[in-house]
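Secondary and tertiary structure notes
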Amino acid sequence: MQALSKFTPNVAISATCTEYVHPWINSCPKASIGMCLCAFKDSFRIYCTVYFISLLMRRRIPTLNDLKHTFQGLLRSTWFLTTAAYGFPVFACSLRRLLGHFNVLTVGFLPAFLTSICAIVIERPTRRSLLALYVANCGTEAAWRMLEERNLVKSSKNRLMVLFGVCLSILTFYYKKGFHLNFEKEPVFDAIKFIMGDISVYENARTFPNQTSSIIVDTSQKNRKTLPGPKFFVQYGFLACLIKYYIYMLDKMKQLPIRNKCCPHNYSCVHYCMDGTVKLFGTGVLIQVALKFVFQLRRTLKSPKTIFSKDTIKIGLFLGGFSAIFRTVSCLLRSLSGKDSELYIFPAVLLASTTLKNHPDASIVLYIMWKSLQLTFQIGKSKGYWKSIPLFTEFLYCFFTALLFHSALVEPRTLRLSYWRFLMGLSGGRVAVMNRKPIDGFGYDTSTQLNEILVKTRSKVPDGFFW
């Protein structure tokens, strides 16, 4: 009850907006203008990257009309994010003048909620659901950590694996049933197809009797691929020899007889399982190496041995192990029952989810959870099971953005580190300069939490600002 009592807005602090919101300048309008200029610069940089990547993903030379629409979208998104930044001091100072004090809601949550309403109406409607999904992911993690701080819940890797398995089972079930055909450019279904293979019955229209003959045709070319000899090893090295041996073994696995006709893959079950396992393991290792070069470039160049550490294979073990268990269990169930069923998705995915212990990332689990809720709602709406809620996406964005602002300002320890770095860049370091000592009276020990997150993120606090 003592922890919950801190949420009551009756506890007020008499600090002025100059003492709390903008201690670097006395003028509220100048503080808002300074935030606007800094946020516009960082927002433009962020969305230049986003829209440039979107142009590259079209895989064609953009026309003048494409460039025009891209530039218009760039300016609109930039102004949306700028508004989300500079609107906070506007509403925080206005609420302080209106109420005559600050309380636990008006120091962060309420002004951020009002600012988000003004910002989200600027952004394009097609991007609002993606933004809502992102902030809901970060906000849910922050809310869970707030509950942990109050000893109301406890984190557990087993609970994380169960949540991941249940939600991913639902998404995979939708893919198997062919619901992915109703969603264009849905990345989660592309990821399912890459990890689990072509398991959708709507994408595998082949006839099983003809499959055996196609494999016999492949066997006529088996003499073209032979094992690498000593000359190949000397000329190209060990790695090239290993890759050629792997390709040779995969070709042999393709020629194995198919165990049953109800499997949706084109070659033998052994090839289906081994090919997915090795491919996903290699992909995971490459992702981890790329992340090390991007985020730890200096450390990696100084000590290249860090590339070959145990951390490098964690994502590979997770993806490769997941693919191996899922594909093996699926083939076994089809073999034992003699038929293919969408229900086999659930035991296969739940068992494969145990590999999450190799890479227990709450961000991935929360993304899968919110994505399953979003697609379930959209599929149910298309089936007529329920009606859409007007402005629900916008409300979701505003609520979780406000929760993240409250977390950053009042309980920084509960905020995801990457989101703190984002706020530091967007505000030009102003989020760290805001005076936390007046709000220590709420009992959250905010000043200590701020120092902890500054040390963790190695954030540099500016000495002062022009505005």
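Look up: the structure comes first, before these words.
Here the structure is a predicted model, which is why all the values come from computation and not from measurement.

Quick look at the packing of aromatic side chains
Summed over the entire model, instances satisfying the criterion amount to 24 aromatic pairs. Ring geometry for Phe183 against Phe189: centres 6.2 Å apart, planes inclined by 40°, an arrangement best described as tilted. Look at Phe183 and you get buried, because its relative accessible area is 18%. According to the relative accessible area criterion, Phe189 is buried, its value standing at 3%. Sitting over the ring of Tyr272, Arg327 keeps its end group 4.6 Å from the ring centre.

Some remarks on the pattern of salt bridges
The full count for this structure, using the stated rule, is 13 salt bridges. Between Arg45 and Asp42 there is a salt bridge, with its nearest N and O atoms 2.8 Å apart. Of this pair, Arg45 and Asp42 both sit in helix α2 (residues 28-56), 3 residues apart, which is roughly one turn of the helix. The closest approach of N and O atoms between Arg150 and Glu411, which form a salt bridge, is 3.1 Å. Here Arg150, found in the loop between α5 (125-149) and α6 (157-177), pairs with Glu411, found in the loop between α16 (392-410) and α17 (417-427); they are 261 residues apart in sequence, far enough to count as distant. Classification of Arg150 as buried rests on a relative accessible area of 11%. Ionic contacts of the salt-bridge type, sharing partners, join the residues Glu141, Arg145 and Arg416 into one network.

Notes on empty space enclosed by the protein
What the rule picks out here adds up to 3 cavities of 30 Å³ or more. Volume-wise, the largest cavity comes out at about 150 Å³. In terms of lining, the largest cavity is formed by Met35, Ala85, Phe88, Phe405, Ala408, Leu409, Leu423, Leu426, Ser427, Arg430, Val431 and Met434. Counting only elements with at least two residues in the lining of the largest cavity, the list comes to α3 (64-99), α16, α17 and α18 (430-433). Among the residues making up the lining of the largest cavity, the classes are represented as 10 nonpolar, 1 polar and 1 charged. Empty space within the second largest cavity amounts to approximately 50 Å³.

Quick notes on the side chain of Thr355
Locating Thr355 in the fold gives a position in the loop between α14 (345-352) and α15 (362-383). Dropping the residues within four chain positions of it, Thr355 is found in contact with Phe318, Gly321, Phe322 and Ile325.

Conventions we followed
- Residues numbered from 1 in each chain as written.
- Predicted model: local features only at pLDDT ≥ 70, side-chain atom pairs only at ≥ 80, totals over all residues.
- Heavy atoms only, no water.
- Phe/Tyr/Trp six-rings, centres within 6.5 Å; stacked < 30°, edge-to-face > 60°.
- Buried < 20%, exposed > 50% of the residue type's maximum accessible area, 1.4 Å probe, protein only.
- Lys NZ or Arg CZ within 6 Å of the ring centre and 35° of its normal.
- Salt bridge = Lys/Arg side-chain N within 4 Å of Asp/Glu carboxyl O.
- Helix = DSSP H or I, 4+ residues; strand = E, 2+ residues; numbered from the N terminus.
- 1 Å grid on protein atoms, 1.4 Å probe; cavity = no way out; pocket = protein on both sides within 12 Å on 5 of 7 lines; lining within 4 Å.
- Points joined across faces, edges and corners; volume = space filled by probe spheres on them.
- Nonpolar A, V, L, I, M, F, W, Y, C, P; charged D, E, K, R; others polar.
- Contact = heavy atoms within 4.5 Å.

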